[in-house]
Structure formats: C-alpha cells, structure tokens
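An overview of the molecular structure
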Amino acid sequence: MSALTALAQLRAVRDGSAQRITTVRHCHIAPRPLVFIPLKLAGEAAAPLGAMVGTDPHYPRLLVVPQPRNRDLRFAFAADLAEVFLPYIEGFEKTTETVERKTGDPYERCLDAPQILVPNRSAVSFTGMLGRSTRFRRADGPYPVHPSVPLLGRWLTYFADRSQQPGSSLLLAATEALGLHWATGQSGLEDANLAALLGWIAPPAGMSGRRAAEEAEDPLLWPPAGPATDPGFDNEVLGPAVRAYEEAPTERAVERVTQALRTQLEPTWKLMWRAVEELRALPEGARVKDRWEIDRGSFTRFVERITEGGPPQARRDGAVGAAARLAGLERARASYDVQRAHDDPLVMAEYRLTGEAFAGTVTAADPEHTEGEGRSRKLRPLITVETDDPVRLALGTTVGSPDRRGHAAEIVEIADGEITLKITKGMGRGKTPAPGAVPEPGERVTYTSLTDDFQSSASLPDPEQTPWTHGGPPEEYVPSDDDAQEEWS
Amino acid sequence: MNRLDELRGPMPSHPHDARAIAALAANPGCARRGLMDAAGVDKDRTARHLGFPAPFGQSQFAITRGNVFEALVKENGCAELLRLLRELLDLPIAQVGYQDVESVGSHLRHSHTRALIDRAAREDDGAAVFYDHPLFSLEIAGHTSYLEPDVVAFQIGGRFRIVEIKSFGLVDGQAEPEKVAAAARQAAVYVLALRTLMADLGHDPERVSHDVVLVCPENFANRPTAALVDVRKQLAVLKRQLARMTRVDRLLEGLPPDLTFDLVPDQDGVPTRPADELAGALRQVPARYAPDCLSTCDMCMFCRDEARRSGSTDLLGRQIRDQLGGVSRMTEALGLAEGTLQPAEGQEEIARLLRLADRLREEALN
C-alpha cells in the first residue's frame, strides 16, 4: 500500500463512499464472461455443495449436490458443471488469427478467449481444488466417470493456475478486480466480503457506502459469497434439508436442498453482475489489450495441448518447471506494474511520490543538439523540464515516458526543480528530429525510470539435466490408475 | 477479594483454551483483552450483552467431519496413529501403550496427567505410550489455567511429542497456510504447557520436542496422513506474550478502584447490568483494535465500533498506520494532507508527503 491509497482510504471513510485509485480499468472484462459461484461443504477440502453458473445475468444455472458426502452425486455435479463450462470454452477454440513472427513460422491464435469470474480469492482456490479432484479421473476402469469430468478438471486447473499470473484476466476474482480500482473505508480483510465491498463502491440509492457495507455484514441479508457458507445457514436450514434427503431421496427432498442453496447464491449472483457493470463502466487502459493478447496465446496453447492428447497437469511441478514458472511470474509482475503506471497517471503518481518518476513542463528545448564529431556525430536533443516533484533519480539514469512509446532519455542535470534531459532514442535517424519526437517548450511531460523493456527468460537447464541439488532429473509424470481411482470422500 | 475477581464479578472464571491463548499472542499490545483474559471474563457473553456479538460460528458439517476423523485416527487404541508415527519418525516400535486420562474423574485428571508424565520421564523403559485427553495447566497472569487439548501426547524413551489431529485436508503435501498456522499456534501452547510441567517435575523440558505431529486427512479421502511442524517460532512469541501478561498488575494500576466488568447476573444467570454502563467500564481500559481481531477475538465488533467512533486509523489495518507515519487519527492525517492542519513538531516529514500525495491525486483525477 502507498500513501496515495492510504489517503484515498481516509477520504472514503470521511465521505462514506469508495474512492477511485486508478483513472482507467486495468483488467479485461469480456463481453460475455462466465460467472461461477461455487459453494463447498464446511469442513471438507473439495466437497461441492452447489454452484450458480452461467453467462446470462437473467438465466443462471443452479447446480446442487443434495447429499454432499455422496461420491456419485459429486461426480454427477462435476458432469453437470462440465455441460456449462465446456461448450462455453469450446466456443472460443474455432476462430483463430494467424500471427506472423520475425523469427520462426507463423502460428494460430484464438481471436478471443473465455473469461471466468468468481466472487473472491477463496473461490479461485476452490476452483483449483475442484480441478485437482477431477482431472485424473477416467471414463473407463473402476469408478468410471462421464468423459467430460476429467476434461473439466484440466480446464479448472488451468484457469486456477493462470490466475496467479499478474495481469492475466482469464479467471478473475471480483473482490480483487474491484479492489484494484477502488479504495474503501474498511480494511483489506473486510474488503474480501463482496457485498460489503460493492456496498462501498455502489450503494443503493439514498444510502451511504458505509451504511451499505454495514448491512452487508449481516449473513441473513447478504449470505456469504462462498465457497464457505454461513454456519447459521448450515445448522438451521441446510443440515435438516440434507438429512431429509438422506431419509427419503425424493424429488421433493432435492427441491428442498435446491431452494435452500438458491437463497444463498442468488444475492451473490446479482452482486457479480453489478461488479461486472461497475468494472465495465471504467475506460479501459491502453495496454489491457496487449495483456489479453498474451492470455489468448496461453489459452490457445492449452487448447493445443488438450487436442494433442497431452496428460493432465502433474500433481506437483518438477524443480526446473517450478523455477521457470516463478521466473515467469516475476517477469509478468514487473511488466504489469510498469504497464499500469504508463497507462494511468494515478498509478504513475505513486512513483512520482517515491521519486522514481516526475511530471513537469518543458521550459527549454534544443532539438538539434548533437554529440561527437565527424562520422560519429549523433543527434542528441536536449530539453529542460521544470517540476515540483521530489525527484530521486541519479544523474545518468535512463528514463522513458508514457507519452511517447520508444522514447528514451538520460538525465544530464538536476538543479532546483529543473531537470535537463538528453534524448537518446525515438527521435528518428535524420539530422533533425522527427516531427513531434522532441517535446516542445510549454508541453506537459512525464518521465520515469520504470521501463517495460523486453526481459529474456531465465536460462534454466532442461528437466533431464536437473542437478542433484534439486533432486536430479524428475521422473516423468504418467497418470496412474491410483490417481484415477483416488478416493473422494 | 482479589482485584481480578472483582473485575469479573460473581461468575466463575472462564477457562482458557489453547485457541484463546494463541489468539492472545496475535495481539500482545491489547490491554483490554489482556485484562479480561487475566480476570477470566467470559468475553463472548460480554460481547453479546453489549449488543456486539462476534461473527463466529461453527457449522455442524465441520464439527461432524472433525469428530469422525478424530475417531478414525484414535480407534483401537490409536492403531492408525501408531502406523503414521512409525512411518513419519521411522520408529522401530511394534507395540504402544494407550492411556486415556479421561478415564479418571475430571477433578483428578490434572494430577493423573502429572503422575503419568512423571512416571514416564523417570522410568525410561523404552516403551511407547499414547496419552489421550491429558489435562495440562499453564500459569497465565498469576492464574492457573487448565487446558483440555484435543490432542494426544506421545512418549517413547522418555521423550515426548504433541500430536494434533485436524480435519483440514493435506492435498499433494500442501494445506491451507492459514489453517496450518493456526494449528501451529495452538500446538505451541500445548508444547509449552508440557514443557512447563516437565520442568516443574524436575525433568529436562527439552525432552518435549518442538516438532509437533500434525495429523490430517490425505488428499480428498478420509485416510489420515502425518507431517512434522516446527513450532519454535510460535513458542517464542507465546513465551514473550505470557511473560508480558504476568505484569497484569501493571495494567491494574491506575484503574478506578470500583471498576468492574461484572454482568450482574440474576438468579438464572441472565445479565442485568445496563449495557451502556458495562460499555463505559470497558472503555476505561484501552483496546488495540486491528482488523485481524475480527477472526480471533470475541470483543472485535465492540472494539471496531469504538475505533470507528473515535476515527482511529487502526480501523483500516496496521499497514496504513505505517504509511501515515504513525498519525493515529484520521482527521489529523486528512488535515495534514489537505493543509488545513499545521504539522506538529516531528510531523513535518509526513505532512510534506501527505500534501504531495494529495496534490498528485487531485492532479490525476481532475
């Protein structure tokens, strides 16, 4: 957290309503996302109780497990869930574009990709757990399941894994997506309650955000957004309904459980679509498209992996795989932070506050300034920027600007709020700079040492070359019968 | 009458369980909680009477699951547990004794536990024994608290280990970090209690291992698996906190002599004291509210409401206090940011930062 966010939170408390902490939206919101609200049985690692799922706000599909301890009913639930998920995902697989590469052959990439929206971080974990408990199952042999179940498991695992990637929007938790754009007058712990968070951001007419958030804490008015259910509901409503089903598994008994779960899921379903609306209403940041393109690429590769008949994801990463994954996450994090700052003056303000960036007005420019003699004579335009920001950049630091892509400069002099910069990149190859490449006096400019330059991936050995310090070459993962028959009690 | 008994009133002292003691360690600076716990006040009841019940509850499904799993691990004299320990600790034991301490009357359980542990530590005959339902005691702020752990103590060759049975799943060798952390904090309380007992009996407390055995269901099945958890860090925190609590007499100093948290129960035990009056009494002892309290302390809703009314920055979490350079009032921080308040001595730096933050926010949003 920065002092800027802290200040926004204080304002939120004073005004009783959430405060924006970005000027644009930094995540992709699909035109037709799949909203998925899972509920799990208390005390169990991955026993689904039910779920509300669908792409149409007016027609949610409600799936329930009338006796959550029954293994067959759980797999039936997984098969039902696959009926919603798989056609949605497959709808994006067919339409592709051809991407040309400077080196290597052109390849195909899906034009769009699925987007799954869940209420909170726990629902993301539960999605991963549900994936873990279904992806090794088989349609043949002992304990056969519907063929769609293991496929669903692989997709759920993929989405849950992908959600750890900073900047990815394939699977988003609503509370996190909202929290990225608004500061509320409550703590982060309380922000994990979707109803309370939305209460601050978009309270009902005539009510303050503070009051709406207070109301949202009553589990009778606003049931928890899952996957954990309200203990009071479990004890007073669900428990008796499940016992009735156990005594007589009639349709009426199923209906009773279904109705009970509907009361818990419907309010959250509405909240989820309100969250979508709120996010959609924000203008999209310039680089959101670039990141969605990376998501589309990742999605396409996973589609290919499944088409080629690759095995389900292993239980654990090998040493090399894990190191590569961590390095990838770090690069994605660095790039995501820089991209957001470049897209959004309010995010850039955080770096201005710490002195890693500054904004000001150009007071002088020498666009035709050169360095060197004869053949090595180079165009190096100079500009002077006046700023009030507390700059903490050393002389010689290379800085870039969110206003001009491909533009780079070096800090030559800092004195009394006046900074002299030597432009080193992005002014063209001619004797005089390209038009518009050098900021003119009077222009407002921002410079920062944060750059989103290409970073080569970490050089790691092949998995077969894993050193003994890291356990030696891992055994290749082959799904076993044991995996397929694992208990799910 | 003892001053702490006066604070509590005629109700019997509310026993501490390991969860409560572990929660104490989470917020050592809270005088209100420290004093209420030292006096053995029933915080849950107090919070209810004040109209601020804590949002805690347990689902019958979770309770059933926990009981079923524990029974499974302990059935046939902990046969399953023996198998797990053999694998985990690589023990060459074929047989193990089983002592259910609960078999004696409750008033004898503590002395019985003591005698059993003493005998085991004294006569090292190489036999392995499980002690189920032991009753430990721990000195908390000058009061002896009895702990009824739902744990098993395991002893072989005069060395002891705490075994904690939890029903959250260990999937592919990983469990939810918060749950493991909570289990480790609780187990540390038992390790400390058993070590204290050993020292008391004149044995080396280090004979109680700081590696506790955590028994959980494996993957999605009911079959148990075991893992060792090192609780040295939790032990250190706990010891420091308990050492602080022994100075509860310092908390008592300066309190009005007639201060009490008595609920004034009638014949049926129903509290009759006006809630406002009780709230007033509680406010005499400062709390140190943090959002983390919402998951650990019965008094959390009352203290949160108080923090809201007073406009304390604690409401938003500890991080924000760091960002605001220790400014504790929201209005003060906002005043400094917006320039309506002149910084006091020592506040110039943070005031400059906040004013800059304010300017940058305005610039970006307008």
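Right, let's talk about the overall build of chain B for a bit. In terms of regular secondary structure, chain B is built from 14 helices and eight strands. Each of the three principal axes of chain B carries a C-alpha extent, and together these read 75 × 55 × 40 Å. Looking at chain B residue by residue over its 366 residues, the buried ones come to 39%. Residue pairs in contact within chain B that sit at least 24 positions apart in sequence constitute 63% of those at least 6 positions apart.

Moving on: the nonpolar core. Residues Ile37 of chain A together with Val189, Tyr190, Val191 and Leu194 of chain B are the most contacted members of the largest nonpolar core, which totals 220 residues. When residues of this core are assigned to their parent elements, the largest contribution, 11 residues, is made by helix H7 (residues 177-200) of chain B.

Residues and elements named next belong to chain A. One open sheet holds the five strands; their spatial order is S4-S3-S2-S7-S8, and the pairing between them is mixed. The two strands at the open ends of the sheet, each matched to only one other strand, are strand S4 (61-64) and strand S8 (171-173). Across the sheet, the axes of successive neighbouring strands diverge by a mean angle of 20°, strand direction being ignored. In the sheet, strand S2 (residues 34-40) pairs with strand S7 (residues 116-118) via two bridges, with the strands oriented parallel. By the bridge assignment for S7, leucine 34 is matched with isoleucine 116.

The domain boundaries assigned to chain B delineate domain 1 (62-242) and domain 2 (320-365). A straight line from the C-alpha centre of domain 1 of chain B to that of domain 2 of chain B covers 51 Å.

Here the focus is the sheet that holds strand S1 (residues 97-100) of chain B. Residue and element names in this part refer to chain B. An order of S1-S2-S5-S6-S7-S8 is seen for the six strands of this open sheet, with the pairing classed as mixed. Whereas interior strands pair on both sides, the edge strands pair on one side only; in this sheet they are S1 and strand S8 (224-230). When strand polarity is set aside, the average angle formed by the axes of neighbouring strands in this sheet is 25°. Sitting on the sheet, helix H5 (residues 60-89) touches S1, strand S2 (128-132), strand S5 (151-156), strand S6 (159-165), strand S7 (211-217) and S8, and the angle it makes with S8 is about 60°. Against the sheet, H7 makes contact with S5, S6, S7 and S8, and its axis sits at roughly 145° relative to S6, the strand it touches most.

The next subject is helix H3 (residues 121-134) of chain A. All names here are of chain A. Compared with an ideal rise of 1.5 Å per residue, which puts 14 residues at 20 Å, H3 spans 20 Å between its outermost C-alpha atoms and is within 8% of the ideal. Burial of H3 is extensive: 12 of the 14 residues sit out of reach of the surface. Taken together, the buried positions of H3 are occupied by Ser122, Ala123, Val124, Phe126, Thr127, Gly128, Met129, Leu130, Gly131, Arg132, Ser133 and Thr134.

Calculation rules
- Residues numbered from 1 in each chain as written.
- Chains lettered and ligands numbered in written order.
- Predicted model: local features only at pLDDT ≥ 70, side-chain atom pairs only at ≥ 80, totals over all residues.
- Helix = DSSP H or I, 4+ residues; strand = E, 2+ residues; numbered from the N terminus.
- Buried ≥ 20, exposed ≤ 12 C-beta atoms within 10 Å, placed from the backbone.
- Contact = placed C-beta atoms within 7 Å.
- Core = buried A, V, L, I, M, F, W, Y, C linked by C-beta atoms within 7 Å.
- Pairing = 2+ DSSP bridges.
- Axes fitted to C-alpha atoms, helices over the stretch in contact; angles between N-to-C directions.
- Domains from an automatic or database assignment.
- Expected span 1.5 Å × (residues − 1).

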